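Overview (structure and organization)
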Amino acid sequence: VKETGRNNYKFFNKAMNEEISTKLLLENDLRKALLKNELEVYYQPQLDLQTNRIVAVEALLRWHHPDKGFMSPAEFIPIAEETGLIVPIGEWVLKEACKQTKLWRDQGHDLSISVNLSNQQLISNTIVEVIKEITSQTELNPQYLTLEITESMAITNLTDTLNKLKELQDFGVNISLDDFGTGYSSLSYLSTLPIDSVKIDKSFINDITNKTKKEIVKSVSSIAHSRGLTVVAEGVEEEEQLNIVRSLGIGMIQGYYLSKPIPSEEMQSRFLLSSFV
Ligand code: C2E
Ligand code: CA
Ligand code: CA
Ligand code: CA
């Protein structure tokens, strides 16, 4: 028993070391990714169910790793968060997304852009200045920019978060509460946080044919609507889900039913050449 225990301990150590060095290598690669042009912003359309038009797109980061190929943000965003690399990377995403949206708007497409904000970015002292600087540089009116935050981020330092979000809203930027329903004090945040819209997490939409889930989504969206918030259903994949979402009066959808996140050129050719009906 003792022997096994020691071996286990050794094995555990080795596995841990391997995990740590994989992470270090990845961190090192990520540090260079920006300079080496390996990052790309993909876009996923959001459909307004009332007008049946694409009114917004969400910017989603992609990394073309030189050896590992295409890497999912789920794999590298946590590392970027831990190391603080998410701050310069996040600023780059913001700049790219605003620049692209300004271009699309100049071509006559009435589009808004949603960009995910990380916790590190939100707690930074310069975030409000950074947003002002980027919208001014790219000449994108802040009313066409939405910043997506999550509940877990908001908790960290509530007073500070509230102040920053209010300042951003005063500047004209929209705030959206992402992954809604996955945190703890969800419902209370609908009234305490200065937000303009809420994105109901895809786990709810995935199971929306389930009666209980449907009831939850129904009450959440009615509370959100009573507070004047726009409700977005994310992760809509099937027509059946779309129909239920529509029947609940939800205003906007995003998900594979419309499209996966795609490069800007594909966004242009598939959704922006003519009006989408
Ligand atoms: P998120 O903000 O919740 O983004 C939505 C995720 O759901 C995206 O995954 C998207 O591809 C996926 N998705 C969209 N429609 C569907 C659907 O119908 N079904 C399913 N199963 N999935 C769908 P992605 O692109 O892999 O991004 C994962 C997460 O990484 C994002 O979740 C976000 O938290 C983070 N992320 C991505 N880009 C950025 C970024 O630029 N900055 C920061 N801070 N985080 C980012
Ligand atoms: Ca998001
Ligand atoms: Ca989400
Ligand atoms: Ca998320």
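So, how was this worked out
- Position numbers for residues start from 1 in each chain and track the written sequence from start to end.
- Here chains are named by letter from A upward and ligands by number from 1 upward, in the order in which they appear as written.
- Per-residue local features are limited, in this predicted model, to residues with pLDDT of at least 70; the limit for side-chain atom pairs, both in listing and counting, is 80 or more; totals at the level of whole chains, interfaces and linings are taken over all residues.
- Hydrogens and water molecules were not included; the side-chain quantities draw on all heavy atoms of the structure.
- A run of DSSP states H or I qualifies as a helix once it reaches four residues; a run of E qualifies as a strand once it reaches two. Both are numbered from the N-terminal end.
- Pairs of residues are marked as contacts when any of their non-hydrogen atoms sit within 4.5 Å.
- Here the term donor refers to an N, O or S atom within 2.8 Å of the metal (or 3.2 Å for Na, K and Ca), and because water is left out of the atoms, sites may appear incomplete.
- Think of it in three bands: residues with accessible area under 20% of the maximum for their type are buried, residues over 50% are exposed, and the middle band is partly exposed, with areas taken using a 1.4 Å probe on protein chains only.
- Between Lys or Arg on one side and Asp or Glu on the other, a salt bridge is scored when a side-chain nitrogen of the former is within 4 Å of a carboxyl oxygen of the latter.
- For two strands to count as paired, DSSP must find a minimum of two bridges between them.

An unreviewed UniProt entry lists the chain under the name EAL domain-containing protein, with Niallia endozanthoxylica as the source organism.

Focus: the side chain of S197
Within the element layout of this structure, S197 appears in strand β7 (residues 197-200). If sequence neighbours within four positions are ignored, S197 has contacts with I175, S176, L177, L229 and T230.

Some details on the coordination of the calcium ion (ligand 2)
Octahedral metals with six donors have ideal donor angles of 90 or 180 degrees. Tetrahedral metals with four donors have an ideal donor angle of 109.5 degrees. Coordination of the calcium ion (ligand 2) by the protein involves E58 (OE), N116 (OD1), E148 (OE) and D178 (OD), with metal-donor separations of 2.1 to 2.3 Å. A separation of 4.0 Å is found between the calcium ion (ligand 2) and the calcium ion (ligand 3), which share D178 as a coordinating residue. Taken together, the residues E58 in strand β2 (residues 53-65) and E148 in strand β5 (residues 145-150) connect sequence positions 90 residues apart. Residue E58 is classed as buried on the basis of its relative accessible area, which comes to 4%.

Description of the side chain of S114
Note on placement: S114 falls in strand β4 (residues 112-116). We classify S114 as buried; its relative accessible area is 5%.

Observations concerning the pattern of salt bridges
This model, assessed by the stated rule, comprises twelve salt bridges. D160 serves as the salt-bridge partner of K164, at 2.9 Å between the closest nitrogen and oxygen. Linking K164 with D160, this pair stays in helix α7 (residues 158-171), spanning four residues, or about one helical turn. Judged by relative accessible area, K164 falls into the buried class, the value being 7%.

Focus on the pairing of β4
Burial analysis of β4 places four of its five residues in the buried class, which makes it a mostly covered element. Here β2 runs beside β4; their pairing, made up of four bridges, is parallel. When the sheet's bridge partners are listed, E58 is paired in β4 with S114. As paired strands, β4 and β5 are joined by four bridges and run parallel to one another. Considered in β5, the bridge of V115 is made with L147.

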